[in-house]
Amino acid sequence: MLVIPAMAATQDAADPSADEPERVRPLFDEGKLLATGGVSQVEGAGGGGLATWAVIGGYGTADGIGITAHETFVGLRSFNLNSAGVAVGLYDRVELSYAHQSFDTRATGAALGLGKGFTFDENVVGAKLRLFGQLVYDQSWLPQTAIGLQYKSNDRGDILKAVGAKDTDGVDFYAAATKLLLSESVLVSGTLRMTKANQFGILGFGSAKDDSYQPEFEGSAAYLISKRFAIGADYRTKPNNLGFAEQNAYDLFAAYFLDKHASLTLAYVDLGSIATRKDQDGVYASLQLGF
């Protein structure tokens, strides 16, 4: 009867790991390289300032999750745009996002017959799925590729119908491919978006004359000057459903990543013509926090 415990004690002494507790992986593992989650795009998804990328936001790997929150201000010649939101990256495979946008017409609202400071509010709910490719660890020709959608809803139905919009809500569908050339410290990304949105949905969706989906392009290029500092540009095309001579948008940005919990992006942005007001350029500033 005493032989069995003696054998067990001998076995435990021979195996020093027998008393070690099993290592538990942290849920928020922050295993990605700094800056490789991108920043919060103006509609809440992980990407650049204007363009959506194939990255899953946050720093969670395939074994964890990541959460980011952003506050973005865009100050133009005649208008202001504020965007605040949150995104959750699940196991480097799925991203869920939400953003609330407020478009302030400032003094231009009175000239347009809406009233000074008239504001359009829009909610954007997004989902993104990484299909294949891995931004950092796959350094072959294959880019990281994802598909996604964004449901957008605007609160100014009567005004939007008066300016010719067909609907106050709509869904954008997109496919994105993003490639990091690690040895060159260069990132390039391209996205095809199917959309009916007028000015990203701020002025509704479609029109009585054209309520069809339009293919639009989003592109980005960035250069990592250091592991914390990146510069680059975004370019995005837009449909012209309302006949306001809506023009394409672009930005020139600089992003500083303090650590994996905070980043700041500053940019010059040009959104073209908005509601008959031309040359709508100005400053873009965005703070992102995460864990």
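Structural notes, computed from the coordinates. (Residues numbered from 1 in each chain as written. Predicted model: local features only at pLDDT ≥ 70, side-chain atom pairs only at ≥ 80, totals over all residues. Heavy atoms only, no water.)

### Observations concerning the layout of surface pockets
Selection rule: The distinction between a cavity and a pocket rests on a 1 Å grid over the protein atoms alone: a 1.4 Å probe fits inside a cavity but cannot get out, while a pocket stays open yet meets protein on both sides within 12 Å along at least five of seven lines, and a residue with an atom within 4 Å of a point counts as lining. Grid points are joined across faces, edges and corners, and a volume is the space filled by probe spheres set on the points. Every helix listed is a DSSP run of H or I at least four residues long, and every strand listed is a run of E at least two residues long, numbered separately from the N terminus. Under the scheme applied here, ten amino acids are nonpolar (Ala, Val, Leu, Ile, Met, Phe, Trp, Tyr, Cys and Pro), four are charged (Asp, Glu, Lys and Arg), and all others, including Gly, are polar.
Here the largest pocket is characterised by a volume of approximately 320 Å³. Lining the largest pocket are 24 residues, and of these Leu34, Ala35, Thr36, Leu224 and Ala230 lie nearest its centre. Every element with two or more residues in the lining of the largest pocket is listed here: strand 12 (214-224) and strand 14 (249-259). Ranked by the residues each element gives to the lining of the largest pocket, the list is headed by strand 14, at three residues. A class-by-class count of the residues in the lining of the largest pocket yields 15 nonpolar, eight polar and one charged.

### A word on the sheet that holds strand 9 (residues 169-181)
Either a parallel or an antiparallel arrangement is found when strands of a sheet pair, and the pairing is made through backbone hydrogen bonds. Selection rule: The rule for pairing is simple: two strands pair if DSSP sees at least two bridges between them. Where helices are involved, their axes are fitted lines through C-alpha atoms of the stretch in contact, as for all axes, and angles between N-to-C directions lie from 0 to 180°.
Taken together, the twelve strands give a closed barrel; going around it, the order is 3-4-5-6-7-9-10-12-13-14-15-16, and neighbouring strands pair in antiparallel fashion. Neighbour-to-neighbour, the strand axes of this sheet turn through a mean angle of 20°, independent of strand direction.

### Details of the pairing of strand 4 (residues 80-90)
Every other side chain in a regular strand lies on the same face of the sheet, so the side chains alternate between the two faces. As defined by bridge partners, strand 3 (residues 65-76) adjoins strand 4 across eleven bridges and the pair is classed as antiparallel. Opposite Ile67, over in strand 4, you have Val88 as the bridge partner. As consecutive antiparallel partners, strand 3 and strand 4 are separated by three residues. Relative to strand 5 (residues 94-104), strand 4 is paired through eleven bridges, and the arrangement is antiparallel. Each residue of the ladder has a partner; that of Val86, found in strand 5, is Tyr98.

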